[in-house]
Amino acid sequence: MADPLNRRTFIKAVGATGLLLASRPSLAMASKPPLGRVVIVGGGYAGATAAKYLRLWSMGSIEVIVVEANSQFVSCPMSNLVLGGSKTIHDLTFAYDALKANHGIVFRHDTVTAIDAAAKKISLLGGTLSYDRLIVAPGVDFNYQDWPMLASAEAQKQVPHAWKAGWQTVNLRRQLEAMPDGGVFVMNVPKAPYRCPPGPYERACQVASYFKQHKAKSKVIVLDANAEIISKKGLFAKVFNETYAGMIDYRPDNAITNVNLASKTVSTEFDTVKADVLNFIPPQRAGKIAQVAGLTEKDYPWCDVNFLTYESKLVPNVHVLGDSVAAGLPKSAHMATNQAKVCASAIVQILSGHLPDAAPVFANTCYSFINDNAAMHVANVYRYDAGKKMMVSAEGGGVSVSPNEKEGGYAQAWANNIWADTLS
Amino acid sequence: MQQTTGPMKTASSSWLLLIGLITSSLWPALGHADGVFAFTAEQATHVRALAASCAACHGTLGNAVVKEGNGPPSEENNPVLAGRSREDLLSKLLGFRDGSRKATIMHQHSKGLSLEEIALLATHFSQQKPINQPRLQPQALKAEHG
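These remarks concern the structure in this document. Please read these numbers as outputs of a predicted model, since none were measured by experiment.

**As for the packing of helix α11 (residues 333-351) of chain A against helix α12 (residues 405-423) of chain A**
Residues and elements named next belong to chain A.
Argument step 1. Interhelical geometry of α11 versus α12 gives an angle of 30 degrees and a closest axis separation of 12 Å. Classified by chirality, the crossing of α12 by α11 is left-handed. For the pair α11 and α12, contact is made by A333, H334, T337 and K341 and by W414, I418, D421 and T422, respectively.
Argument step 2. When grouped by side-chain class, the residues that make up the contact of α11 with α12 number three nonpolar, three polar and two charged.

**Considerations on the packing of aromatic side chains**
Residues and elements named next belong to chain A.
Argument step 1. In the structure shown here, the tally under the stated rule is 12 aromatic pairs over all chains.
Argument step 2. Look at Y53 and W57: their rings are 4.9 Å apart centre to centre, the planes differ by 55 degrees, and that puts the pair in the tilted class. Taken together, the residues Y53 and W57, both in helix α3 (residues 45-57) and four residues apart, mark about one turn of the helix.
Argument step 3. Residue Y53 is classed as buried on the basis of its relative accessible area, which comes to 2%.
Argument step 4. Ring centres 6.3 Å apart and planes at 65 degrees place the aromatic pair Y201 and Y250 in the edge-to-face group. Remark: Y250 occurs in strand β13 (residues 248-251) and Y201 occurs in helix α8 (residues 199-214); sequence separation between them is 49 residues.
Argument step 5. A network of ring pairs unites the aromatic residues Y45, F73, Y96 and F107 as a single cluster.
Argument step 6. Cation over ring: K164 sits above F142, and NZ or CZ is 4.9 Å from the ring centre.
Argument step 7. Directly above the ring of Y210 sits R173, whose terminal nitrogen or CZ lies 4.2 Å from the centroid.

Reading the values: rules and limits
- Residues numbered from 1 in each chain as written.
- Chains lettered and ligands numbered in written order.
- Predicted model: local features only at pLDDT ≥ 70, side-chain atom pairs only at ≥ 80, totals over all residues.
- Heavy atoms only, no water.
- Axes fitted to C-alpha atoms, helices over the stretch in contact; angles between N-to-C directions.
- Helix = DSSP H or I, 4+ residues; strand = E, 2+ residues; numbered from the N terminus.
- Left-handed = near helix turned anticlockwise from the far one by under 90°.
- Contact = heavy atoms within 4.5 Å.
- Nonpolar A, V, L, I, M, F, W, Y, C, P; charged D, E, K, R; others polar.
- Phe/Tyr/Trp six-rings, centres within 6.5 Å; stacked < 30°, edge-to-face > 60°.
- Buried < 20%, exposed > 50% of the residue type's maximum accessible area, 1.4 Å probe, protein only.
- Lys NZ or Arg CZ within 6 Å of the ring centre and 35° of its normal.

Treat this as a map of the structure, not an account of what it does.
Structural data, given as structure tokens:
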């Protein structure tokens with residue numbers, strides 16, 4: 001630590017932090033990259049970020065291939081605003097072109113069917129790929145096991161989840177637009193953990209915001225499988241009770257036990273509610289490929305990893321990122337990109353014969369919009385605890401005092417920045 | 001580094017602590033040669049991922065996206081950090097940390113960081129090249145998305 005540093009050490013150290021970007025990794029990429037190949041399954045926030053930072057921090061000397069079924073990136077963050085009406089899905093949809101061109105990243109628009117960890121190979125619908133390190137970042141899988149009546153694409157046209165942003169989001173918005181004034185929108189909150197802890201409560205606010213402006217006699221009923229609001233509790237409770245008093249009917253500890261698709265009627269242990277528009281957010285587990293590849297245990301549907309490298313505790317040389325990880329922390333986009341950066345840094349270190357950071361630290365933030373313009377946040381720094389071997393909340397985190405328009409501006413700026421950071 | 005006093009209006013405890021660090025151990029540990037500050041290999045690895053976690057709001061390597069006039073009226077830009085003076089960044093971060101500087105969110109983020117990390121971050125971002133980072137342009141969602 002204390003050796004006197006000269007200019008050469010400086011260049012080396014700063015190079016590692018990415019200052020020397022003048023040499024574009026795409027141009028610097030030799031025919032056979034000297035440090036090896038990383039294959040990334042999934043081009044969401046985690047996968048795309050890992051791809052970019054592997055290229056940046058290896059100065060282009062790691063080959064990166066991303067396998068992603070979709071040709072476009074659709075952001076889940078901000079997608080509740082499509083329901084509120086202040087955004088369209090097309091405001092949240094991006095190409096991968098800038099990411100590919102700026103960093104020399106190869107994309108295969110394909111689906112992974114199997115992982116052979118012993119041979120360090122994956123099978124795709126259209127061929128195989130070998131790797132030195134594999135990153136699995138598939139997001140969440142919706143578990144319709146207990147909800148067979150809602151599992152088909154046909155059923156989801158009537159009762160969308162809209163919990164992965166895309167045409168289901170648009171469909172739900174259209175149903176809200178078509179609903180007569182005085183109608184009832186019913187949605188659930190699945191048992192935690194699920195993707196985006198404040199997301200369901202933000203959704204309730206967005207729908208209420210739309211109703212308040214256009215259909216003031218309508219109602220929002222929120223059936224929460226959890227005992228209480230599980231993110232920004234005080235803030236959301238206040239917004240429900242004050243801003244949307246008489247419109248949002250929040251019912252904790254009220255898990256849905258039955259759904260009648262034809263009549264859009266749902267039952268809980270306590271109530272039976274008939275919906276005009278029904279939104280069912282299913283229970284969630286690690287992405288399908290993580291289950292298929294043995295990255296989850298039988299009785300626990302999330303992936304255990306080493307938090308210094310995000311390498312799976314079950315399968316060597318395979319790293320897991322994003323919502324599939326069992327971290328006990330919010331499954332957010334910001335968190336997914338943080339994990340991706342720690343993992344990318346660790347893989348660069350390992351493939352070049354160095355040690356990963358022994359004590360990673362990162363910041364997480366989730367903004368929620370309560371109407372078209374006002375937002376509120378929860379923010380926390382997380383620090384590796386060597387005793388517990390996990391990321392724990394550091395001092396000083398907290399939430400907004402109240403929702404406000406200034407933070408609405410910052411929340412939009414957050415989105416603009418995380419999109420540019422992840423995808424260009 | 002003796003002239004690193006910055007806006008010293010608030011002689012708060014974290015400022016005094018930092019000045020202690022500057023004049024004793026911390027800055028030499030950051031490597032001061034020929035007027036540039038360098039990190040040890042461990043510090044460089046630690047700060048690159050930590051600094052990258054700021055990118056969600058402040059852009060890749062501190063180059064926050066710039067507003068192009070078509071956002072909602074309330075939209076604000078997040079501050080650019082790239083290429084700012086180390087002293088300026090330090091004074092802002094320490095001000096957030098001790099509460100003397102008003103913030104919507106940075107007081108919460110800066111309190112989770114150690115003084116060494118704050119010094120590393122200020123140095124890191126001061127060394128990045130400022131560029132004009134445009135907003136990423138969205139496009140129409142294609143029909144094949146289910």
